[in-house]
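# Remarks on the overall topology
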Amino acid sequence: MSIVGMDAEISSGVVVVVDVIRAFTTAAVAFERGVRDIACAASLDLGRELRRRYPDRLLAGESRGLKPVDYDFGNSPFEMSMAQVDGKRLIQATSNGTVGLGRCLEPTALLAASARNVSATARWVRANHGGEPWTILCTGRTEEDWACARHLSDLLQGVEPERERLVAGVMDGVAERSRSFAHRPVADRVDLSVDLPFCCDVDRSAFAMVGEIRDDHVVLTKVPA
Ligand SMILES: O=C(O)[C@H](CS(=O)(=O)O)OP(=O)(O)O
């Protein structure tokens, strides 16, 4: 039972990949909007390749937080909350979250989580892999993923954590990112203010996002839990 960062060797067992700001908050919102499944790519170019392979899929993702010109969507949960994607299939390629999914080579089970579906993720793991070893992979260096991982770890161990502490951790992560953005040219800064309410909406999504490893990507599906 461990919480690790992206520099760790990912063991087997149940692996939950956490990305609160913003990949797996955006993925959760996409599923809430009726998306059927999400093919997660570890790079923008692989995302483009997947679109060539599966032209019916819409392409979502970011580079340095911003939407590539040839992508259909960026990585904003706010943007996704208004998207007409009911019944659609997505491809998602981001800097951290989808890269993290690709790091897990032979997990017993692989899931994607954010604060939005953290309790549902814990319920799914306990119901389907209770008592088995698990690893929580934080894909970011800022506080939000680690706060979410600690929250999930408590839930997996039968401890009821405080939501307020998780929200405070997300807010700390946003503050850290805003400070880093301040060093970028204005045009390169990501306005997280519209996304923050979605990232802080703890347990809005009553489903786990369960991954299936394919040759060169991971497909997430929504599983009520
Ligand atoms: O889109 C995001 O919020 C981040 C990119 S950055 O770290 O803010 O530049 O990507 P994600 O994979 O969602 O952490």
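Look a little higher up for the structure.
Below, the structure is looked at part by part. (Residues numbered from 1 in each chain as written. Predicted model: local features only at pLDDT ≥ 70, side-chain atom pairs only at ≥ 80, totals over all residues. Heavy atoms only, no water.)

A word on unusual backbone geometry. For the peptide bond that leads from Ile21 to Arg22, omega is 0 degrees, which places it in the cis range. Secondary-structure assignment places Arg22 in the loop between strand E2 (14-18) and helix H1 (23-32). One non-glycine residue, Arg64, lies in positive phi territory at about 55 degrees. By secondary structure assignment, the location of Arg64 is in the loop between strand E4 (58-61) and helix H3 (77-80). The phi torsion at Asp203 lies on the positive side, around 65 degrees, for a residue other than glycine. Relative to the elements of secondary structure, Asp203 occurs in the loop between helix H8 (196-199) and strand E8 (207-213). (Helix = DSSP H or I, 4+ residues; strand = E, 2+ residues; numbered from the N terminus.)

Quick look at the pattern of salt bridges now. Within this structure, the stated rule accounts for 16 salt bridges. Asp201 is the partner of Arg116 in a salt bridge, and the nearest nitrogen-oxygen pair spans 3.7 Å. Note that Arg116 is positioned in the loop between strand E6 (109-113) and helix H5 (118-129) and Asp201 in the loop between H8 and E8, a separation of 85 residues in sequence. Judged by relative accessible area, which is 23%, Asp201 ranks as partly exposed. A salt bridge links Arg214 to Glu212; the nearest nitrogen and oxygen atoms lie 3.1 Å apart. (Salt bridge = Lys/Arg side-chain N within 4 Å of Asp/Glu carboxyl O. Buried < 20%, exposed > 50% of the residue type's maximum accessible area, 1.4 Å probe, protein only.)

A full pass over the atoms with the stated rule returns zero disulfides. With no disulfide partner, Cys199 has as its closest neighbouring cysteine sulfur the one in Cys200, 6.6 Å distant. (Disulfide = S-S within 2.5 Å.)

Next up on the list: the pairing of E8. Burial within E8 is extensive, with five of its seven residues counted as buried. Of the strand pairs in this sheet, E6 and E8 are connected by three bridges, and their pairing is antiparallel. Across the sheet, the residue bridging to Leu111 is Val210, located in E8. Both E8 and strand E9 (residues 218-224) contribute to a ladder of seven bridges, which runs antiparallel. Within E9, the position partnered with Ile213 by the bridge is Val218. In textbook terms, the turn of a hairpin is the stretch between consecutive antiparallel strands, and for E8 and E9 this stretch comprises four residues. (Pairing = 2+ DSSP bridges.)

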